Amino acid sequence: MSESIDIRQLNARIEQQSSFVTNLVTGMNQVIVGQKHLVESLLISLLSDGHILLEGVPGLAKTLAIKTLAQLIDADYSRIQFTPDLLPADVIGTLVYSQKDENFHVKKGPVFANFVLADEINRAPAKVQSALLEAMQEHQVTIGDETFSLPNPFLVMATQNPIEQEGTYQLPEAQVDRFMLKVVISYPSLEEEKLIIRENLRGEKKNILPVTTAEEILKARAVVEEVYIDEKIEQYIADIVFASRYPEKYGLGELKDLITFGGSPRASISLAKAARAYAFIKRRGYVVPEDVRAVAHDVMRHRIGLSYEAEASNVTSEEIVSKIINKVEVP
């Protein structure tokens, strides 16, 4: 009985702490037409201290969504436009020699901000992409022989155009795995498209004012960490990830030759964290299987390696995740 009282108290705290979520969603909806899933995913990564990768063809408001979110939160924001000639120093910073005092000084790069938009991340070579690795994983940057902590909250929001387009570099697996979510954005509906045309022809500039602060986000994260995950849900999460590694053990033998590697332990952690954040957004103090299912595609789609057989048969990681979710027993 004490547990149910705790959940009740937690629900009350969540109700109190999550009021800014409504304000953020309202603010985003004033600028972005439709794209409900995109807005929700940005909030999940923000609340669970994870980075997010958005993939979609140009012109789907990926950059605009991230910029708007940063404006709604009173925090530092920087944008890095990734290009083939970009250098790691352009991202993290470098040592600059000063003739005045004959010494080297650290000049910090644009990565030193609360929100970093890595725009078209797959347009830059691997050495630049990997310059973000330490920043994303350790929340710190090493310039010369000095290590600097990054501000808190720190969130990398990257966009990429689909790989088929020319002049792109595929992200290394190690880099992709550091993104908690990979969200694929599709075209708006016909009604939404008409609304987009109308809004843009009006040409009114929306004045975006901050509705919350970085401190509020950190407080909310502390509450998200208290969201209750039952042992059965933990088992369910582990089963989903294990089914991506050993599909034959879960009655999915047909997937064995289609997968070269499954989700890493980081996938399990991300699935649990994202499910907790999703429960928080839905004003709940505990995680239910539907929360896990709601975030599973975004957490898993970039963590499954496809074999040549899969690519030859046009099987996507999306379809594999769907099969796993439909097969693994729900608690």
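Residues numbered from 1 in each chain as written. Predicted model: local features only at pLDDT ≥ 70, side-chain atom pairs only at ≥ 80, totals over all residues. Heavy atoms only, no water.

1. A few points about the overall build of the protein chain
Inference 1: Looking only at helices and strands, the protein chain features 14 helices and 13 strands.
Inference 2: Taken over C-alpha atoms, the radius of gyration comes to 21 Å for the protein chain, in line with the 20 Å a tight globule of 331 residues would show.
Inference 3: For the protein chain, the spread of C-alpha atoms along the three principal axes comes to 70 × 50 × 50 Å.
Inference 4: Sorting the 331 residues of the protein chain into buried and exposed places 48% on the buried side.
Inference 5: Sequence-distant contacts, at least 24 apart, represent 78% of the contacts inside the protein chain between residues at least 6 apart.
Inference 6: About 16,600 Å² of surface is accessible on the protein chain, with carbon and sulfur atoms providing 50% of the total.
Inference 7: Computing the positive centroid from 35 side-chain charges and the negative centroid from 46, the protein chain places the two 4 Å apart. (Helix = DSSP H or I, 4+ residues; strand = E, 2+ residues; numbered from the N terminus. Rg over C-alpha atoms; globule rule 2.2 N^0.38 Å. Buried < 20%, exposed > 50% of the residue type's maximum accessible area, 1.4 Å probe, protein only. Contact = heavy atoms within 4.5 Å. Areas by Shrake-Rupley, 256 points an atom, 1.4 Å probe, with all protein chains shown as cover. Lys, Arg positive; Asp, Glu negative; His and termini not counted. Charge placed at Lys NZ, Arg CZ, Asp CG, Glu CD.)

2. Structural notes on unusual backbone geometry
Inference 1: Of note, the bond from Asn152 into Pro153 is cis; its omega dihedral lies within 30 degrees of zero at 0°.
Inference 2: Relative to the elements of secondary structure, Pro153 occurs in the loop between strand E8 (146-149) and strand E9 (155-160).
Inference 3: Phi at Ala61 takes a positive value of approximately 70°, unusual for a residue other than glycine.
Inference 4: Within the secondary structure layout, Ala61 lies in the loop between strand E1 (51-55) and helix H4 (62-72).

3. With respect to the packing of aromatic side chains
Inference 1: Under the counting rule described, the total for this entry stands at three aromatic pairs.
Inference 2: When the centroid spacing of 6.2 Å and the interplanar angle of 85° are considered together, the rings of Phe112 and Phe148 count as edge-to-face. Of this pair, Phe112 sits in the loop between strand E5 (103-108) and strand E6 (115-119) while Phe148 is found in strand E8, placing the two residues 36 residues apart along the sequence.
Inference 3: A relative accessible area of 17% places Phe112 in the buried class.
Inference 4: Across the ring face of Phe112, the terminal group of Lys108 is positioned such that the distance to the ring centre comes to 4.9 Å.
Inference 5: For Arg245, the ring lying beneath its charged end belongs to Phe242, and the centroid distance is 4.8 Å. (Phe/Tyr/Trp six-rings, centres within 6.5 Å; stacked < 30°, edge-to-face > 60°. Lys NZ or Arg CZ within 6 Å of the ring centre and 35° of its normal.)

4. Quick word on the side chain of Ser317
Inference 1: Looking at the element boundaries, Ser317 is found in helix H14 (residues 317-327).
Inference 2: With a relative accessible area of 13%, Ser317 lands in the buried category.
Inference 3: Separated by 2.9 Å, the side chain of Ser317 and the backbone oxygen of Arg301 make a polar contact.
Inference 4: With residues near it in sequence (within four places) discarded, Ser317 still touches Arg301, Ile304 and Leu306. (Polar contact = N/O pair within 3.5 Å; in protein donor to acceptor, adjacent residues only side chain to side chain.)

5. Things to note about the nonpolar core
Inference 1: Grouped together as the largest cluster of nonpolar side chains are 71 residues, with contacts concentrated most on Leu42, Leu46, Leu271 and Val292.
Inference 2: Those residues in contact with Leu42, other than ones at most four positions away along the chain, are Met28, Ile52, Ala65, Ile66, Leu69 and Met157.
Inference 3: One finds Ile80, Leu86, Val91 and Val156 within the second-largest nonpolar core, a separate group that totals 28 residues. (Core = buried A, V, L, I, M, F, W, Y, C linked by side-chain atoms within 4.5 Å.)

6. A few points about the pairing of E5
Inference 1: Pairing of strand E4 (residues 93-98) with E5 involves six bridges; the strand directions are antiparallel. Note that in E5 the partner of Ser98 across the bridge is Asn103.
Inference 2: Remark: four residues form the turn of the hairpin made by E4 and E5, two consecutive strands paired antiparallel; Glu102 in that turn has positive phi of roughly 50°. (Pairing = 2+ DSSP bridges.)

7. Digging into the packing of helix H9 (residues 214-224) against helix H11 (residues 265-281)
Inference 1: Relative to each other, H9 and H11 sit at 110°, their axes nearing to 10 Å. With respect to each other, H9 and H11 are oriented roughly perpendicular. Contact residues: Ala220, Val223 and Val224 in H9; Arg276, Ala277 and Phe280 in H11.
Inference 2: By residue class, the composition of the contact of H9 with H11 is five nonpolar, no polar and one charged. (Axes fitted to C-alpha atoms, helices over the stretch in contact; angles between N-to-C directions. Parallel < 35°, antiparallel > 145°, perpendicular 65-115°, else oblique. Nonpolar A, V, L, I, M, F, W, Y, C, P; charged D, E, K, R; others polar.)

8. Overview of the sheet that holds E6
Inference 1: The strand order across the open sheet formed by five strands is E3-E6-E9-E1-E10, and the pairing between neighbours is parallel. Among the strands making up the open sheet, the edge pair consists of strand E3 (77-81) and strand E10 (179-184). In this sheet, neighbouring strand axes are inclined to one another by 15° on average, regardless of whether the strands run parallel or antiparallel.
Inference 2: Where E6 meets E9, four bridges bridge the pair, whose relative direction is parallel. Bridging from a neighbouring strand, Val116 pairs with Val156 of E9.
Inference 3: Strands E1, E6, E9 and E10 of the sheet are contacted by helix H3 (residues 36-47), whose axis makes an angle of about 175° with E10.
Inference 4: Each of E1, E3, E6 and E9 touches H4; the most contacted strand, E9, lies at about 165° to it.

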